[in-house]
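Coordinate inspection notes
Listed here are the chains, written in short residue letters.
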Amino acid sequence: MPNIKSAKKRVLVNKAKALQNKAARSALKTDIKRFEAAVAEGNRSEAEGAYKMAVKAVDKAVCHGILHKNNAAHKKSGMTLKLTKLA
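Parameters and conventions
Within each chain, residue numbers correspond to sequence positions counted from 1 in written order. Predicted model: local features are reported for residues with pLDDT of at least 70 only, side-chain atom pairs are reported and counted for 80 or more only, and whole-chain, interface and lining totals are derived from all residues. Side-chain figures throughout are based on the complete set of non-hydrogen atoms in the structure, without hydrogens or water. Between N-to-C directions, angles cover 0 to 180 degrees, with each direction set by a line fitted to C-alpha atoms, over the stretch in contact for helices. Strands here mean DSSP runs of E at least two residues long; helices mean DSSP runs of H or I at least four residues long; both are numbered from the N terminus. To sort the angles, those under 35 degrees are grouped as roughly parallel, those over 145 as roughly antiparallel, those from 65 to 115 as roughly perpendicular, and the leftovers as oblique. Take the far helix as the reference: if the near one is turned anticlockwise from it by less than a right angle, the crossing is left-handed, and if turned clockwise, right-handed. Only heavy atoms matter for contacts: two residues are in contact if any of them lie within 4.5 Å across the pair. As a working rule, the residues Ala, Val, Leu, Ile, Met, Phe, Trp, Tyr, Cys and Pro are called nonpolar, Asp, Glu, Lys and Arg charged, and the rest polar, with Gly in that last group. What a helix is expected to span follows from its residue count: subtract one and scale by 1.5 Å. For the exposure calls, accessible area comes from a 1.4 Å probe over protein chains only, and a residue counts as buried if that area is under 20% of its type's maximum, exposed if over 50%, partly exposed in between. In this description, the arc belongs to the directions extending from the helix axis to the C-beta atoms.

1. Concerning the packing of helix α1 (residues 5-41) against helix α2 (residues 44-63)
Contact geometry of α1 with α2 gives a least axis separation of 8 Å together with a crossing angle of 155 degrees. The angle between the axes of α1 and α2 places the two elements in the roughly antiparallel class. Crossing handedness for the pair α1 and α2: left-handed. Here Leu28, Asp31, Ile32, Arg34, Phe35, Ala38, Val39 and Glu41 of α1 come into contact with α2, specifically with Glu46, Ala47, Ala50, Tyr51, Met53, Ala54, Ala57, Val58 and Ala61. Grouping the constituent residues of the contact of α1 with α2 by class yields 13 nonpolar, no polar and four charged.

Here it is, written out as structure tokens:
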């Protein structure tokens, strides 16, 4: 445990940020799983709605530094392919 006041504060801030990142990653995974489930069902209209939500979540994750931009592009490309094959 740190002794210096600024180091103590840094520990607290890091814990808070870690929780925020964990929650954001969890929400991102949930949106992606919702899209995957709609595709597995074969429900085109539901899949399109879930696709929009998932892409938006992936883009937000990039802005917040949770995902790398190339990783996000890879995820969005895969989701787009799955959606077009559903037609």
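2. Thoughts on helix α3 (residues 69-85)
Counted at 1.5 Å a residue, the expected span for α3 with its 17 residues is 24 Å, and the 24 Å between its end C-alpha atoms agrees. When we look at burial in α3, the residues that qualify are Ala72, Met79 and Leu83. Relative to the axis of α3, the buried residues are bounded by an arc of 40 degrees and lie together on one face. Those residues of α3 that are exposed and angled more than 90 degrees off the buried face are Asn70, His74, Thr84 and Lys85. Along its buried surface, α3 packs onto α1 and α2.

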